[in-house]
Amino acid sequence: MTTSAAPAALLLVRHGQTVWHAENRYAGVSDIALSDEGLRQARQLGEWAARNPVDAVWTSTLTRAIETARPACRALGLTPRRDHELRECDFGEVEGRTLVEFEAEHPRRGGEYRADPVAHPFPGAEDPRAAAARGATALRRIADEHPGQRVLVVAHNTLLRLVLCELLSIPLGAYRRAFPKLRNTAISEVRIGERGGALLSLNVPCAPHAPAAPHAPAVPDAPRVPDVSP
């Protein structure tokens, strides 16, 4: 009798902080570098990797993800692999702006976005359903390439939240409520099997003594949490 290999453990990480993200500005396809705080967070991720070795590292092709993964790759002696399908969503006209700024000019459209960001994306933005599909496809491909291994995947806040909904069969329009925020360089572990995905942990700090983030129930009707990413 043959047995199938154990599934890969995908350790999903949002990149470190950028200047735009410190102000809650949308930085989708804009290639914004890490801030000093983001570089510090990247070093903490490298220290985590030295204590918790992984077998492979994947990143998006945006600089902030590549820079975040660099200390971990150095600690592990690994060459990162890059996948353009792991890039952040394109936020169209709202790139570089905050939701509050957009709402001040377009109160109706801002309200519609808050109610359902998938049914009512920003003008000129990438279709969130297409982003969820490409991101989930990329993670499934990575999992298939690394059966039974631990893989660090450094990507982006909105893309990863959409992908988690896609893998866990949560309505995509609920991603801002189900996953209010993926914290910079915190680790969320998923396994992908034949019947879908399983979330093993969410927002676990990579710093050894950092306080754990409040847990947000990964369900469509989770209550609104004030600390919500763009």
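About the criteria used
- Every chain begins its residue count from 1, and numbering advances along the sequence as written.
- Residue-level local features of this predicted model are given only where pLDDT is at least 70; pairs of side-chain atoms are given and counted only at 80 or more, and the full residue set underlies all totals for whole chains, interfaces and linings.
- Derived side-chain values reflect all non-hydrogen atoms in the structure, with water molecules and hydrogen atoms excluded from consideration.
- Each helix is a run of H or I in the DSSP string that is no shorter than four residues. Each strand is a run of E no shorter than two, and both are numbered from the N terminus.
- Here the term buried applies to any residue with accessible area under 20% of the maximum for its type, exposed to any over 50%, and partly exposed to those in between, with areas from a 1.4 Å probe on protein chains only.
- Throughout, a residue-residue contact means that at least one pair of heavy atoms, one from each residue, lies within 4.5 Å.
- In protein, a polar contact requires one atom able to donate a hydrogen and another able to accept it; more generally it is a pair of N or O atoms within 3.5 Å, and residues adjacent in sequence count only if both atoms are side-chain atoms.
- Inter-axis angles, ranging from 0 to 180 degrees, are taken between N-to-C directions of lines fitted to C-alpha atoms, where helices are fitted over the stretch in contact.
- For classification purposes, an angle smaller than 35 degrees is called roughly parallel, one larger than 145 roughly antiparallel, one from 65 to 115 roughly perpendicular, and anything else oblique.
- Three classes are used, and their members are as follows: Ala, Val, Leu, Ile, Met, Phe, Trp, Tyr, Cys and Pro are nonpolar, Asp, Glu, Lys and Arg are charged, and the others, Gly among them, are polar.

Asks: Break down unusual backbone geometry for me, with residues and values.
Replies: Its identity is not glycine, yet Ser169 carries a phi of approximately 60°, on the positive side. Topologically, Ser169 is positioned in the loop between helix H7 (157-168) and helix H8 (175-178).

Asks: Could you give me a rundown of the environment of Pro147, with the residues and numbers involved?
Replies: Along the polypeptide, Pro147 turns up in the loop between helix H6 (128-145) and strand E4 (150-155). Pro147 sits in the partly exposed class, given a relative accessible area of 44%. For the pair Pro147 and Ala6, spaced 141 residues apart in sequence, the C-alpha separation works out to 6.0 Å. The residues touching Pro147, leaving out its near neighbours within four places in the chain, are Ala5, Ala6 and Ala8.

Asks: Describe the side chain of Arg25, and please don't skip the residues or the numbers.
Replies: With respect to the helices and strands, the residue Arg25 is situated in the loop between helix H1 (19-22) and helix H2 (36-51). A distance of 2.7 Å separates the side chain of Arg25 from the side chain of Glu23, its partner in a polar contact. Excluding its chain neighbours within four sequence positions, the residues that come into contact with Arg25 are Trp20, Gly96, Arg97, Thr98 and Glu101.

Asks: Before we move on, could you go through the packing of H6 against H7 and cite the residues and values that matter?
Replies: Their axes nearest at 8 Å, the elements H6 and H7 cross at an angle of 75°. Comparing the axis directions of H6 and H7 gives the class roughly perpendicular. Where H6 approaches H7, its residues Pro128, Ala131, Ala132, Arg134, Gly135, Ala136, Leu139 and Arg140 are matched on the opposing element by Leu159, Leu162, Val163, Glu166 and Leu167. Taken together, the residues of the contact of H6 with H7 break down into nine nonpolar, one polar and three charged.

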